[in-house]
Amino acid sequence: MQVCDTVLSKEKIREIIAKRVAKEFKDGDVVTLGIGLPNLAAAYIPPEMNVIIHSENGVLGIGKKAEGEYEDARIINSGGTPSHIKRGASFFDSQMAFMMMRGGHIDATVLGALQVDEEGSIASWQIPGKFVPGIGGSMDLVVGAKKVIVAMEHLSKGEIKIVKKCTLPLTAYREVDMIVTERCVFKVANHKLVLIEINPMYSIDDIKRSISASFTVDSNLKLMEV
């Protein structure tokens, strides 16, 4: 099913999502950011807030994207982008990085997704018939992190991504706690979607038309900052 979208630039969409995701972090949190859009949230963490970013390639204390003279191809985030390193950061092998993920030491993880359904299940790694190198660390993160946030564009080329039931291969079953798109924010409570914030450019009816999942509206529905 295809849905028409309100025109927002790709850059603005990603900015809205990344800014909103960064608001979920608390002082002292250890956070793992996924490849692509989730990594952008690092740029919107207030400098006075001590959020420790963990990267599955073996860094604890990675910062925002590095540019120009600060770029070092040896110091990269999970997506391979040169990044700043915070004072006190540490480096280790992938085995240790995954032990942190699997051992419940990550306070929050932010991941992209192909689909998320109304029960909080996530499909994020494979479209049947298309080559993928593997599931990577996403399966470990969604079951090991204390809070799982999906950060994704609301639609994919007009196709609905927040669905009644995932039809693509699952990354995890009923593990998502929050979904952030440029249109709205859902929390997942008791395996049901609750709309807690909405972009003022859209109405609740717009949200209903652009997802196939069922949801309720929080009595204290807020407007997203755009």
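Details of the structure are given in the entry above.
The following paragraphs examine the structure supplied in this document. Worth saying up front: this structure is predicted, and the values here are computed from it rather than measured. (Residues numbered from 1 in each chain as written. Predicted model: local features only at pLDDT ≥ 70, side-chain atom pairs only at ≥ 80, totals over all residues. Heavy atoms only, no water.)

**Here's the deal with helix 2 (residues 94-102)**
Let me state the cut-off plainly: Using a 1.4 Å probe on the protein chains alone, a residue whose accessible area is under 20% of its type maximum counts as buried, one over 50% counts as exposed, and one in between counts as partly exposed. Counting from the N terminus, the helices are the DSSP runs of H or I reaching at least four residues and the strands are the DSSP runs of E reaching at least two. Taking the helix axis as origin, the arc is that swept by the directions to the C-beta atoms. Residues count as neighbours in contact if any of their non-hydrogen atoms are within 4.5 Å of one another.
Here helix 2 has its buried residues at Ala97, Phe98, Met100 and Met101. Taken end-on, helix 2 shows its buried residues confined to a sector of 150°, consistent with a single buried face. Facing away from the buried side of helix 2 by more than 90 degrees, the exposed set consists of Gln95 and Arg102. Here the buried face of helix 2 lies against strand 2 (52-55) and helix 3 (138-144). In the stretch just after helix 2, Gly104 is the one whose phi turns positive, near 80°.

**Examining the pairing of strand 14 (residues 192-198)**
The condition that has to hold: DSSP calls a pair of strands paired once it identifies at least 2 bridges connecting them. By the criterion used throughout, a crossover qualifies as right-handed when its path from the first strand across the helix to the second strand runs clockwise, the strands pointing away from the viewer.
For strand 14, the buried fraction is high: six of the seven residues fall into the buried class. Where strand 13 (residues 184-189) and strand 14 come together, six bridges link them in antiparallel fashion. Paired with Val185 across the bridge in strand 14 is Glu197. In sequence, strand 13 turns back onto strand 14 through a hairpin of two residues, with Asn190 there showing a positive phi of about 55°. Note that strand 14 and strand 15 (residues 215-223) share five bridges and pair parallel. Its bridge partner lying in strand 15, Val194 is registered against Thr216. As a crossover connection, the stretch from strand 14 through helix 4 (residues 204-209) into strand 15 is right-handed.

**Focus on the sheet that holds strand 13**
Worth spelling out the cut-off: Helix axes are fitted only over the stretch in contact, all axes being lines through C-alpha atoms; the angle between N-to-C directions runs from 0 to 180 degrees.
On the basis of which strands lie adjacent, the open sheet formed by ten strands has the order 4-3-2-1-5-8-12-13-14-15 and mixed pairing. The sheet terminates laterally at strand 4 (83-91) and strand 15, the two strands that pair on one side only. Put simply, the sheet's adjacent strands are angled 30° from each other on average, direction ignored. As paired elements, strand 5 (residues 108-111) and strand 8 (residues 148-151) share three bridges and run parallel to each other.

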